[in-house]
Amino acid sequence: MVRTLGGPDTDRMEALSDGVFAIVLTLLVLQFEVPDVSASELPAAVADQETLLVSYLLSFVVVGLYWIIHHNLFRYIEAHDRILLWLNLLFLLSISFLPYPTELMGVYGTQFAWTLYALNFVLVGVLLTAVWTYAARADFTAGEISDAAARLITIRGLISPAVFVLSIVVATVNLSAAYFVPILIIPAQMVWTRYYQGEIGDSDGE
């Protein structure tokens, strides 16, 4: 009899995910090359890598943020099946692709490069949200997670994709301004956290 790929724990999923995150964070820095110029030309050559540095820092911060989110979500996901395994693999696929658009953005710094870069982050956010949504609907989450909390967590997962979609629109008008749009993720997450604490607190008090 063929056994389905499911079980009461997620240890191997988390281990694989942590490994992919570690590799991606390492690959991001490998796009840098020491300029082959004279000592007098070095400051200008390093300055020419400004866009590459910005794209690296942004990617590192956002990938790190997604590692934290993934870690937190899997504190409450206690079981899995074949579908959840594949959804998590698709999420890891989107994460592992990030070094490529990051380097394109750093080297070319064009509207097209930013669009590809931002779309990759949109895909990352949507797929991680899909992992959580499926786990919640399949009843793989801890009993302490209510339906209301699960829905609010799903909404939180869509904040980052929405901000990066906005950045693509902004890039059509002003590419430089698009670089700063992802900063909106921080206040948006703060607003969500306050609302979540209020809603869940009210629910617990009833």
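What comes next concerns the included structure. These numbers come from a predicted model, not from an experiment. (Residues numbered from 1 in each chain as written. Predicted model: local features only at pLDDT ≥ 70, side-chain atom pairs only at ≥ 80, totals over all residues. Heavy atoms only, no water.)

## A closer look at the side chain of Ser-55
Phase 1: For Ser-55, the position within the fold is in helix 3 (residues 50-73).
Phase 2: Not counting chain neighbours up to four residues away, the residues in contact with Ser-55 comprise Gln-31, Thr-102, Met-105, Gly-106 and Tyr-117. (Helix = DSSP H or I, 4+ residues; strand = E, 2+ residues; numbered from the N terminus. Contact = heavy atoms within 4.5 Å.)

## Regarding the packing of aromatic side chains
Phase 1: Per the stated rule, a full pass over the model turns up nine aromatic pairs.
Phase 2: Between the aromatic rings of Tyr-56 and Phe-60, the centroid separation amounts to 6.0 Å while the plane-to-plane angle is 50°, which identifies the pairing as tilted. Taken together, the residues span about one helical turn, with Tyr-56 and Phe-60 both in helix 3 at a distance of four residues. (Phe/Tyr/Trp six-rings, centres within 6.5 Å; stacked < 30°, edge-to-face > 60°.)

## A few points about helix 4 (residues 82-96)
Phase 1: Taking 1.5 Å of rise per residue, the 15 residues of helix 4 would be expected to cover 21 Å, and the 21 Å separating its terminal C-alpha atoms lies within 8% of that figure.
Phase 2: All of the buried residues along helix 4 are Leu-84, Leu-87, Asn-88, Phe-91, Leu-92, Ser-94 and Ile-95. Mapping the buried residues of helix 4 onto a view down its axis gives an arc of 155°, with all of them on the same face. Residues Trp-86 and Leu-93 are exposed on helix 4 and point more than 90 degrees away from its buried face.
Phase 3: On its buried side, helix 4 packs onto helix 1 (11-29), helix 3, helix 5 (99-108) and helix 6 (111-137).
Phase 4: If you check the start of helix 4, you find a side-chain oxygen 3.2 Å away from the backbone N of Ile-83, and it comes from Asp-81. (Expected span 1.5 Å × (residues − 1). Buried < 20%, exposed > 50% of the residue type's maximum accessible area, 1.4 Å probe, protein only. Arc of directions from axis to C-beta. Polar contact = N/O pair within 3.5 Å; in protein donor to acceptor, adjacent residues only side chain to side chain.)

## Details of unusual backbone geometry
Phase 1: For Asp-139, which is not glycine, the phi torsion reads 65° and is therefore positive.
Phase 2: Here Asp-139 is to be found in the loop between helix 6 and helix 7 (147-157).
Phase 3: Residue classification places Asp-139 among the exposed residues on the basis of a relative accessible area of 63%.

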